[in-house]
Structure formats: structure tokens, C-alpha cells
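Architecture at a glance
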Amino acid sequence: MKKYLSIVCLILTLSMLLCACKNNTPDIAYSSDTQTQAVSGVVELILDGEAKYGIVRASNMSNAAVDSCAELFSAIYKATSVRVPFITDDYTLDAGIKEILVGNTSREESKRAMDALETSEYVIKIVDDALVIAAENDTALVDAVNAFIEQCLSNASQGKWTMNANLSIEGKGSEDGETGPYINVSGTLKATATKKNDPNIDAFYSLEGGRDYFTWVQGGCVINNYLYTFMITDKRVLGDEKCVIIKSDIETGEVISYSKEMALGHANDATYNPDENTIVVANCTDGSILHVLDADTLQLKKNVNISGGIFSITYDPIKKHYIGVGHEYIYYYTSTFKYSHKIAYTYTQGMSGIQGVLSDGKYLYMLEYYQNPNDGFDIKNNLVVYELYTAKRVTTIDLGINREAENIGYYNGKFYVSCNNISWKGLDFFEVEIS
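Residues numbered from 1 in each chain as written. Predicted model: local features only at pLDDT ≥ 70, side-chain atom pairs only at ≥ 80, totals over all residues. Heavy atoms only, no water.

**With respect to the pattern of salt bridges**
Selection criterion: Only one rule defines a salt bridge in this text: a Lys or Arg side-chain nitrogen within 4 Å of an Asp or Glu carboxyl oxygen. Only protein chains enter the accessibility calculation, which uses a 1.4 Å probe; a residue is then buried when its area is under 20% of its type maximum, exposed when over 50%, and partly exposed in between. We count a stretch as a helix when DSSP gives it H or I for four or more residues in a row; a strand needs E for two or more, and each element gets its number in order from the N terminus.
Summed over the entire model, instances satisfying the criterion amount to 14 salt bridges. For Lys52, the salt bridge is made with Glu50, and the minimal N-O distance between the two is 3.9 Å. On the accessibility criterion, Lys52 (28% relative accessible area) is partly exposed. Its salt-bridge partner being Lys196, residue Glu251 comes within 3.1 Å of it at the nearest N-O pair. Taken as a pair, Glu251 in the loop between β14 (243-249) and β15 (255-258) and Lys196 in the loop between β10 (191-195) and β11 (204-205) lie far apart in primary sequence, 55 residues in all. Under the relative-accessibility criterion, Lys196 is labelled buried at 14%. Among the charged side chains, a network of salt bridges with common partners joins Lys196, Glu251, Lys414 and Glu431.

**Brief notes about the sheet that holds strand β3 (residues 53-57)**
Heads up, the condition is: For two strands to count as paired, DSSP must find a minimum of two bridges between them. Under this scheme, a helix contributes an axis fitted over its contacting stretch, all axes are lines through C-alpha atoms, and angles between N-to-C directions fall in the 0 to 180 degree range. The criterion used for residue contact is that any of the two residues' heavy atoms lie within 4.5 Å.
As summarised here, the arrangement of the 6 strands in space is β4-β3-β5-β7-β6-β9, forming an open sheet in which the pairing is mixed. Each edge of the open sheet is held by one strand with a lone partner, namely β4 (86-88) and β9 (168-172). Adjacent strand axes in the sheet meet at a mean angle of 20° when their direction is disregarded. Relative to β9, strand β6 (residues 121-127) is paired through 5 bridges, and the arrangement is antiparallel. Each residue of the ladder has a partner; that of Lys125, found in β9, is Ser168. Helix α3 (residues 63-80) rests against β3, β4, β5 (98-102) and β7 (130-135) of the sheet, and its axis sits at about 170° to β3. Across the sheet, helix α5 (residues 138-152) lies against β5, β6, β7 and β9, angled at about 135° from β7, the strand it touches most.

**Some words on the side chain of Thr215**
Along the chain, Thr215 turns up in strand β12 (residues 213-223). On the accessibility criterion, Thr215 (6% relative accessible area) is buried. Setting aside anything within four residues of it in sequence, one finds Thr215 in contact with Ala203, Met231, Ile232, Asp234, Asn420, Trp424, Lys425 and Gly426.

**Re helix α4 (residues 108-115)**
An α-helix turns once every 3.6 residues. As a result, residues three or four positions apart point the same way. Our working rule: The directions from the helix axis to the C-beta atoms form the arc being described.
When α4 is considered as a whole, its buried residues turn out to be Glu109, Ser110, Ala113 and Met114. Looking straight down α4, one finds its buried side chains confined to an arc of 130°; they lie on one side. Where the residues of α4 are buried, they touch β5, β6 and β7.

**Re the confidence of the model for the chain**
Threshold: Note on scores: pLDDT gives the predictor's confidence for each residue, bounded by 0 and 100.
Summary statistics for the chain give a mean pLDDT of 87 and a share of 88% for residues scoring 70 or more. Long-range and interchain partners of residues 1-39, a stretch whose pLDDT sits below 50, account for 14 contacts in this model, where long-range means more than four residues apart.

**Observations concerning the sheet that holds strand β23 (residues 339-344)**
Read across the sheet, 4 strands follow the order β20-β21-β22-β23 without closing on themselves; strand pairing throughout is antiparallel. Each of the sheet's edge strands pairs with one partner strand only, and the pair in question is β20 (312-316) and β23. Here the average twist between neighbouring strands, direction ignored, is 20°. Sheet topology places strand β21 (residues 321-325) next to strand β22 (residues 329-334); 5 bridges connect them, and they run antiparallel. Bridge pairing links Ile323 to Tyr332 in β22.

**Considerations on the packing of aromatic side chains**
Note the following rule: Side-chain rings of Phe, Tyr and Trp, where Trp is taken by its six-membered ring, are said to pair if the distance between their centres is within 6.5 Å; with planes under 30 degrees apart they count as stacked, over 60 as edge-to-face, and otherwise as tilted.
Enumeration over the complete set of coordinates arrives at 19 aromatic pairs. A ring pair is formed by Tyr416 and Phe429, whose centres lie 5.7 Å apart and whose planes are at 20°; its orientation type is stacked. Within this pair, whereas Tyr416 is found in strand β29 (residues 414-420), its partner Phe429 is found in strand β30 (residues 427-434), the two being separated by 13 residues in sequence. Accessibility classification places Tyr416 together with Phe429 in one group, the buried group. Pairwise contacts between aromatic rings join Tyr182, Tyr363, Tyr365, Tyr410 and Phe415 into one cluster.

**Examining the packing of α3 against α5**
What counts is decided by this rule: An angle below 35 degrees is read as roughly parallel, one above 145 as roughly antiparallel, one from 65 to 115 as roughly perpendicular, and any other as oblique. The nonpolar class holds Ala, Val, Leu, Ile, Met, Phe, Trp, Tyr, Cys and Pro. Asp, Glu, Lys and Arg form the charged class, and all remaining residues, Gly among them, are polar.
The N-to-C vectors of α3 and α5 enclose an angle of 10°; their axes lie 9 Å apart at closest approach. Classified by the angle their axes make, α3 and α5 are roughly parallel. Counted together, Ala64, Ala65, Ser68, Glu71, Leu72 and Ala75 of α3 and Asp138, Leu141, Val142, Val145, Asn146, Phe148 and Ile149 of α5 form the full contact between these two elements. A per-class count over the contact of α3 with α5 returns 9 nonpolar, 2 polar and 2 charged.

Quick look at the structure:
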């Protein structure tokens, strides 16, 4: 009898131990999708060509934020060849489809993510079953969507897209009202160009002891109240041209500093990236090369090879894109110079485009130039305005400047245009107001 009781006790003890082990071990074989994802550490957004998640955007959004949601949809399709469901938060997705929440949606997951955000901050994270992209304002939300596209679609492939279940990306975007269109394109527009004090940077010989002659103005950009002018030699062979950058005060013309002599090709155009404090230069002699300079020291940091042939370049600090212009297409690149896409554009017949470009997050401004081959004084320059991300031509403005315009900048409500002077040996500098 004692032996029998001992056996029964042993069986009961083993049963309790087995139950204890069962309760502390996740049941992977019979768990829900959420439990399986938590165990594996992976969220499956698209599997075997089928969308497991769809985009749900806030009903009330700025136009820029709505556009960024559309870009997210397109980016997902481009990476996976799958069109995910896309709705506003007034509606619900089909049963079994989980949500990618963009903006201040009506969903509880969005509210929880936004509660912790301070001015201009954004966050991208998994909250319960939802993937949340939230920001304190819509301008920062555009930054968040761009960050998501760049960082979270890199492992997507044909019919498949997975993500780390512990995903958490935090950042600080732009403040509402920080940027906006430089001009109101409605109505009849007129340009008034006023010649400024030219920096004393007429054609000069090498600053470093050589006999190179820096005769032509080419690329340039404006950073706050300073003009950066790229003067090059007249040697057009790749690797033989040299460039010196001159920093000067916009108002007084005072030259602040010179860079070292560098090989930047034709240095046809330049743009400032405030996020990285760099100046990016379009080589132009070779349209597949960009040069990245430190904006403070004007020293070369690196050279970058890109897809497509571009001659002018600008940076959009709103969507964190570089935009390059070639003879037929406008090219779009990420902040890391990864090619995105291209769109054909039109320019005025008989004129030469790609002289210099500028963007404000909504519009692209491009200089066009014409010189009568039979009369060197018969010169015309246009400022052409395009929708930045559709390349739709919006308006054309005669600048009233009879010099070859080479680059364009913007500061404190006014455009600044740098030109070669009439002798092609130095700079003529104009301030332009559009009314």
C-alpha cells in the first residue's frame, strides 16, 4: 500500500512540474500572430506577396503631410511590388489587416505615442499591434516619414517586408512655420534686380603660387548673410580644372575667406545642407560626381558617385532629399545620395537651363539663360518655377539681368543671383525681389 501511494505521489509531482513548465513556456505552435512575432522578434508587414499591414493616416493633415503619406505608399510598392491598403482614420481596414498609423490619428496607439513628444519631436515604434509614425507637428511628421522610408524599407524585397518588433526611432524634425514657399506664384509676377556691391574677386592667379588663372564664376550658394562663390580655371578637361571658393558678406561685399584650391570639375552648382552643415557641389564635367565640403572649413570631406547625369543641385531640408537637374530630367536622391526616381521637365525653347537651382520644400527654382550668338550684349535670364516633386512648370519670370546667371540663393525674403561679368573675368552680383 505504501509503495502504491508512493507511486501515486510521484505521478502527481511529475504532473505538477510539467504543468509549471507549460505555463512558463510560450506556446509557439498555437499562439496568435502577435505572440509569434513577439517570440521571433520580427513583425511581418508583407508576406508571400500579401499585405499584413495597411496605411492609416490622420484625416486632418497639412498638404505636405498628405503628400508624404502618398510617398510612403509608393515607396512600399516600389520596394515590394505590393500595394498595401491605404485609408484615413475615418475608416477601418479589412479584418486581419493591421495598421501603420501615420500622424495624429484617432487611434489610441497614436495618442499614446504622441503624449511623450515635445516640440518638433517624432517617433517611429511598434505600439501593441500597430506600427506608429507620430510627430508633434505635421512638418516634423514629413521628416519622420522620410526617416521611416530610408531606414525601414532597406530589407524589403519582392513580396516580402519584415521589421524588428523592438523598433524604436526617435528624432527632432522641423518646426511648423520654419519654411514655406519663397514666392506666391498666383497672379502676374515681376522681378526687380538690383546690382549689389561685388566682392573683390575678379579673375586672379593662383593663391598657392601657381600660374593657374581663376577667371569664371560657376557654382555658388547663400548661407545666411554670406555668399559662397566658386571661381574656376578655364581648363575644361576633367581633373585639370581647379576651383577656389570665396566667402563674402552679401551686403558689404567684404571677402571673409578663401578656400584652398581644389579639383571640383566645372563646379557648376552648389547647395547647403543645414542638417549636416555641408556644401554639396555638382561636378558637372562628370554629371555622376558630387563633392561634399565642410561648410565651416570649406575643406573636401568626400566625393560621391550618383546615378544619373546632373549639372545643378539643391537640398530640400523638409523632406531631406537632394534634387539634381540634368538636360532632360529632374533626379531625386535621399539624404545619403541614394537614387530615388526621375521626372522629365520642360524648359523654354531657345534657352539653356540647369544654370543653377534652388528649392523651398514646395517649389524648384531654376535659372535659364540665353545669349544671342551674334550679339554678346543681348542676354536674357529667366527664373522658372516648378512644383518640386512633380516637375510641373508653374510660372516663368524674366529677371531683367543681362549677364550670364550662374547660381541662385535666397536669404531674408530675397533671391541673390551671381553672374559672370561682361568681360567673363569675375562676378556681377544681384539682389532680386519678386512681386
